Amino acid sequence: MTWLGRAEALVATSGDVAALAEFTLAKPKLAQPTTRAMAQQSLMLTLYKVLAAAELASPPGAQGAFIPVGSSFDAYAAIAKVMSAAKHDVLVVDPYMDDTVLIDFGGVLNEGVTLRLLTDQATARPNLAPAASRWKAQFDRRPLEVRLASQKALHDRAIFIDRSEAWTVTQSLKDFAKRSPAEIVRADDIASLKIASYESIWLNSTIVV
């Protein structure tokens, strides 16, 4: 009931009269076992539509996501949404990178998009290189490059999309929102500086695959 009340208030605040009508009509159907599943689907669809509209209307710098601790699917969805938008290239920077980036997120990229992984030679997890080698052997239409930066050259965790869009990630992808709340935030004001800096580190890093 608390969730329904908050969801309805959000839909009402959006000013979308049609969405509010859809939400209001679906709500009573939750009480009937025969219509409950359809009602739940309708409520969630309406809510997501309102949230999407709000996100599109927000300033680019405010776009992103806050993920409560333990919300594993929300964490996956937030990262996947950013990476799947790439048309040409994705650069993931994470000093503590492991094979999670490939197992969980490699498949969200469109075919032909190059995935570049930059991690620290001292703190990268040992399962990354074997996973990358097997990925390269199997997926010829999903280009992958992995490089190791010199020790302590990396401090941030970030995702760069098509060399034009920068996202700051507050935790390593392998631990994202597992033990504490996490955020992924678009960094428009300093995007060009961050992109240039990490491209320079990339060029001077050791090639793994």
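Presented here is an overview of the structure given in this document. The shown structure was predicted, so the numbers you read here are calculated from the model rather than taken from an experiment.

Describing the overall build of the chain
Counting secondary structure elements, the chain contains seven helices and eight strands. Counting only C-alpha atoms and orienting by the principal axes, one finds that the chain spans roughly 60 × 35 × 35 Å. Within the chain, the proportion of its 209 residues that are buried is 39%. Considering only intrachain contacts with a sequence separation of at least 6, the fraction spanning at least 24 residues in the chain is 73%. Entry remark: accessible area of the chain is about 11,600 Å², with carbon and sulfur atoms responsible for 58%. Averaged over its 22 positive side-chain charges, the chain has a centre that lies 4 Å from the centre of its 22 negative ones.

Observations concerning the packing of aromatic side chains
Under the criterion given, the structure shown has four aromatic pairs. Ring plane angle 55° and centroid distance 4.4 Å describe the contact between Trp-135 and Phe-139, whose orientation is recorded as tilted. The class of Trp-135 is buried, set by a relative accessible area of 11%. One aromatic cluster in this structure is built from Phe-73, Tyr-76 and Phe-105. Positioned above the aromatic ring of Trp-202 is the side chain of Arg-116, whose terminal nitrogen or guanidinium carbon lies 5.0 Å from the ring centre.

Description of the nonpolar core
In this structure, Met-83, Val-90, Val-92, Leu-117 and Ile-159 are the most contacted members of the largest nonpolar core, which totals 33 residues. With six residues, helix H4 (residues 72-84) is the largest single contributor of residues to this core. Among the nonpolar cores identified, the runner-up in size contains 14 residues, and Val-93, Ala-149, Leu-154 and Ala-158 belong to it.

Things to note about the pattern of salt bridges
In total, this model carries 13 salt bridges according to the counting rule given. Linking Lys-27 and Glu-8 is a salt bridge whose minimum nitrogen-to-oxygen distance equals 2.7 Å. In this pair, Lys-27 is assigned in the loop between helix H2 (17-26) and helix H3 (36-57) and Glu-8 in helix H1 (residues 2-14), connecting sequence segments 19 residues apart. With a closest N to O distance of 2.6 Å, Arg-116 and Glu-199 form a salt bridge. Of the two residues, Arg-116 is situated in strand S3 (residues 114-120) and Glu-199 in helix H7 (residues 191-203); the sequence distance between them amounts to 83 residues. For the pair Arg-116 and Glu-199, one class covers both residues: buried. Put simply, Asp-89, Arg-116, Arg-163 and Glu-199 are held in one network by salt bridges that share partners.

Comments concerning a nonpolar patch on the surface
Together, Leu-10, Tyr-48 and Leu-51 make up a nonpolar patch on the protein surface, roughly 290 Å² of accessible area in all. Here Leu-10 is to be found in helix H1. Judged by its relative accessible area of 36%, Leu-10 falls in the partly exposed class.

Definitions and cut-offs
- Residue indices begin from 1 for each chain and proceed along its sequence in written order.
- Since the coordinates come from a predicted model, pLDDT governs what is reported: local features require at least 70, and pairs of side-chain atoms require 80 or more to be given and counted, while whole-chain, interface and lining totals use all residues.
- Excluded from the side-chain calculations are hydrogens and water; all other atoms, namely the structure's heavy atoms, are used.
- Each helix is a run of DSSP H or I of at least 4 residues and each strand a run of E of at least 2, with the numbering of both proceeding from the N terminus.
- Each residue gets one of three labels from its accessible area relative to the maximum for its type: buried under 20%, exposed over 50%, partly exposed in between, using a 1.4 Å probe on protein chains only.
- Contacts are assigned to residue pairs with any non-hydrogen atoms lying within 4.5 Å of each other.
- For every accessible area listed, the method is Shrake-Rupley and the probe measures 1.4 Å; residues are considered covered only by the protein chains on display.
- Only four residue types enter the tally: Lys and Arg on the positive side, Asp and Glu on the negative side, with His and both chain ends excluded.
- One atom stands in for each charge, and that atom is NZ of Lys, CZ of Arg, CG of Asp or CD of Glu.
- Paired rings are identified among Phe, Tyr and Trp, the last through its six-membered ring, by centres lying within 6.5 Å, and are further divided according to the angle between planes into stacked (under 30 degrees), edge-to-face (over 60) and tilted (the rest).
- The rule is short: NZ of Lys or CZ of Arg within 6 Å of the ring centre and within 35 degrees of the ring normal puts a charge over the ring.
- Here, the term nonpolar core denotes a set of buried Ala, Val, Leu, Ile, Met, Phe, Trp, Tyr and Cys residues that are joined through side-chain atoms within 4.5 Å.
- We count a salt bridge whenever a side-chain nitrogen from Lys or Arg sits within 4 Å of a carboxyl oxygen from Asp or Glu.
- Note that patches include only residues with greater than 30% relative accessible area and no salt bridge, and the join distances are 9 Å for like charges and 5 Å for nonpolar side chains (Val, Leu, Ile, Met, Phe, Trp, Tyr).

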